[in-house]
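A structural walkthrough
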Amino acid sequence: LEWTTPILVLVAGVLFVRSACQRRGGIRPDPAGAVTHAGLAAGAFLLAMEELNWGQVIFGWPTSEIFFSGNLQDATNLHNFFNPAFPVLYELAGWALGGAMYLSIRRPIPTVRRGAAVLLPPPALAGLVLLAFLFRFSHELFEQLLAWVLVFHAGIDVGAGACGAPARPRPPGGLGGRPVV
């Protein structure tokens, strides 16, 4: 469970980069959406690196004195300085994710999500977001479910071609390019 979260978040980051590139060009460019997804990609990278203790779990270097003195888990990361605040932070994150899902379902569904609306998870992820919300008290499980939400959120956007451009060109006619009779 501990290794899958950073791997999934890195995959989501790559997909968000792809989506940002699609939003820059395409049939209907969406510069605000491109910048938003580039920001989500950067956030995914930071989250993954924090989970990997910036490489400490891979390379096994000792914790420096700066991190050792205030970090409750003897790890090279910033988030463990805030362990006492985690119950409140996970609660806020759970409610923010649930609120974003509510807004996503309640808003009129446009054919293409543009601008700030790209932050909202697609309505198809409602079940997964509900699970993440319900398990917000189990921190590792919440992180895992949030990682899956990010992967599917980015993947749905990339698969939709982000700005209205089809992800893959479709052959003319029916299946396999044969005309439908």
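This text goes with the structure placed above it.
Right, let's walk through the structure included here.

Reading the values: the criteria
Each chain has its residues counted from 1, following the order in which its sequence is written. Only residues with pLDDT of at least 70 get local features here, since the model is predicted, and only at 80 or more are side-chain atom pairs given and counted; chain-wide, interface and lining totals rely on the full set of residues. With hydrogens and water stripped out, all remaining heavy atoms of the structure feed into the side-chain values. Residue burial is assigned from relative accessible area. The probe radius is 1.4 Å, only protein chains are included, and a residue is buried under 20% of its type maximum, exposed over 50%, and partly exposed in between. Secondary structure elements are taken from DSSP: a helix is a run of H or I of four residues or more, a strand is a run of E of two residues or more, and numbering for both begins at the N terminus. Summarising the geometry, the arc corresponds to the directions from the helix axis toward the C-beta atoms. Any two residues whose heavy atoms approach within 4.5 Å are treated as being in contact. A patch consists of residues exposed above 30% relative accessible area that lack any salt bridge, with like charges linked at up to 9 Å and nonpolar side chains (Val, Leu, Ile, Met, Phe, Trp, Tyr) linked at up to 5 Å. The Shrake-Rupley method, run with a 1.4 Å probe, gives the accessible areas here. Residue values count only the displayed protein chains as cover. Within this document, salt bridges are pairs made up of a side-chain nitrogen of Lys or Arg and a carboxyl oxygen of Asp or Glu, the two lying within 4 Å of each other.

Let's shift gears to helix α6 (residues 126-134). Within α6, the full set of buried residues consists of L128, V129, A132 and F133. In an axial view of α6, the angular spread of the buried residues amounts to 140°, which keeps them on one side of the axis. Where α6 is buried, its residues contact α5 (86-106) and α7 (139-159).

All right, on to a nonpolar patch on the surface then. On the surface, W3, I7, V11, V57, I58, F59 and W61 cluster together to form a nonpolar patch covering roughly 710 Å² of accessible area. Elements that contribute at least two residues to the nonpolar patch include exactly α1 (4-24) and α3 (56-59). A total of 3 residues in the nonpolar patch trace back to one element, the largest contributor, which is α3. With respect to the element layout, V57 can be found in helix α3.

Without other data, these values stay purely geometric and don't point to any function.
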